[in-house]
Each structure stands twice: as C-alpha cells, then as structure tokens.
Amino acid sequence: DEGQGAVFLSVARGKVAEGIDFDRHYGRCVVLFGVPFQYSLSRELRARLEFLKDHYQIKEAEFLNFDAMRQASQCLGRVIRSKKDYGVMVFADQRYARQDKRTKIPDWIQKFLEPGHVVMSTDSAVNAARSFLLQMSQPYEELKGAGASVLTPQALADLQKREGA
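Rules used in this analysis
- Residues numbered from 1 in each chain as written.
- Predicted model: local features only at pLDDT ≥ 70, side-chain atom pairs only at ≥ 80, totals over all residues.
- Heavy atoms only, no water.
- Salt bridge = Lys/Arg side-chain N within 4 Å of Asp/Glu carboxyl O.
- Helix = DSSP H or I, 4+ residues; strand = E, 2+ residues; numbered from the N terminus.
- Expected span 1.5 Å × (residues − 1).
- Buried < 20%, exposed > 50% of the residue type's maximum accessible area, 1.4 Å probe, protein only.
- Contact = heavy atoms within 4.5 Å.
- Phe/Tyr/Trp six-rings, centres within 6.5 Å; stacked < 30°, edge-to-face > 60°.
- Lys NZ or Arg CZ within 6 Å of the ring centre and 35° of its normal.

Asker: Would you explain the pattern of salt bridges in this entry?
Answerer: Here the idea is simple: oppositely charged side chains can pair when their charged atoms come close. Under the criterion given, the structure shown has 8 salt bridges. Two residues, Asp-100 and Lys-101, come together in a salt bridge whose shortest N-O distance is 3.2 Å. Here the salt bridges share partners, and the residues they tie into one network are Arg-13, Asp-67 and Arg-70.

Printed below as a string of structure tokens:
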C-alpha cells in the first residue's frame, strides 16, 4: 500500500494459481512462462485419458491442450477481478501464438488481443505494457446513476448501432 512495488513469483497448478486474488493495484501483470501441461505419465491421468478416449472419443492431445489452457486462464484471471480492474497479460511462450492454443483462451481475453501484440520482441512488449499501464493509471471521473456507462460516448453509440442492426 505504500507504492514500493513488488514482484511475486508462483508456479501454475500451485496453491497460489487458484483462489487468491491480486485485484486493483496489488497485481497489474501476469507473465506465463511455458504452457502448464500436467505430468502426463501419472497413473491417475493415464486412466482419465483412457476413459475419455473410450467413452467420449476425446483425443489425448486435445484434452491435455484444453486442460493446460484452462490452467493458464486461471493464472491470468488472478489479475483481472472486476470490470473496473486492469492489468497486462504476457504469454511468454511462442506456443501461445499457435491456433490450437489461442482458440482455447477465454473470449473475454481474446477480444482484447490485438493482432500486432501476438508475437512481439521483448522491447516492443515492454513499451506496449508501459504505454498501456500509463494510460490506464490516469485519473478519470466515474459516472454514477442511471445512464452511466464504462464505454465512451462514441463506443456506446457504436454498440447501440450494432445491437439495433
């Protein structure tokens, strides 16, 4: 709370990956290094994969990809906890740019992925994050009551036009 800043490191599938919120200024960035796949040689997972294959025709790779992306989404969700919150999500592994991974990222994240921000150099990513955080940290006057919206007047008009069509 004193503005000193901090770095918190955690492991996906660990105790902190689910259940603890870092909302507001307590968490502004999540960096995913690697894809959090399960240990695929465990007996329990092998039995589950065999059951899914036999009863539902779900392929092993398909389930493992889905499960890894679900876990990655859990980690990403630690930083955005409300519609007023904001943060930076960094997928620091080129595998996230592949279609089989990107299609499993939740829609609420996908709609904010700009095409130019999918594969970036470290310098470009740092500059984009710095610019975003600077823009988002500026004070604003919150409208309250009937008719209040988190959208700009132009974005609200565009949305109303699309919904009316």
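Further notes follow.
Asker: Sorry, what's going on with helix H6 (residues 153-164) here?
Answerer: Quick reminder: α-helices carry 3.6 residues per turn. Residues three or four places apart thus point the same way. In this model H6 runs 16 Å from its N-terminal to its C-terminal C-alpha over 12 residues, within 8% of the 16 Å that 1.5 Å per residue would give. Among the 12 residues of H6, 0 are classified as buried, and the element is accordingly described as predominantly exposed.

Asker: Where do I start with helix H2 (residues 60-76) in this structure?
Answerer: With 17 residues, H2 ought to run about 24 Å at 1.5 Å a step, and its terminal C-alpha atoms sit 24 Å apart, in line with that. When H2 is considered as a whole, its buried residues turn out to be Phe-63, Leu-64, Asn-65, Asp-67, Ala-68, Met-69, Gln-71, Ala-72, Ser-73, Cys-75 and Leu-76. Buried residues belonging to H2 abut strand E1 (29-32), helix H1 (43-56), strand E2 (88-91), helix H3 (99-102) and helix H4 (107-110).

Asker: Help me out: how do you make sense of unusual backbone geometry in this one?
Answerer: Glycine aside, the phi torsion of most residues is negative, and most peptide linkages are trans. Unlike most non-glycine residues, Gln-57 shows phi in positive territory, near 55°. Looking at the element boundaries, Gln-57 is found in the loop between H1 and H2. Assessed through its relative accessible area of 61%, Gln-57 is described here as exposed.

Asker: What is the right way to read the packing of aromatic side chains from this model?
Answerer: The relation between two aromatic rings is expressed through the spacing of the ring centres and the mutual angle of the planes. In this structure the tally under the stated criterion is 3 aromatic pairs. The interplanar angle of 65° and the centroid separation of 6.0 Å between the aromatic rings of Phe-51 and Tyr-56 together place this pair among those described as edge-to-face. Owing to a relative accessible area of 39%, Phe-51 belongs among the partly exposed residues under this scheme. Considering the side-chain rings of Tyr-86 and Phe-132, the 6.3 Å spacing of their centres and the 75° angle between planes classify their relative orientation as edge-to-face. Placement of Tyr-86 in the loop between H2 and E2 and of Phe-132 in helix H5 (residues 122-136) is noted, with a sequence separation of 46 residues between them. For Phe-132, a relative accessible area of 30% gives the class partly exposed. Sitting above the plane of the Tyr-86 ring, Arg-28 keeps its charged end 3.7 Å from the centroid.

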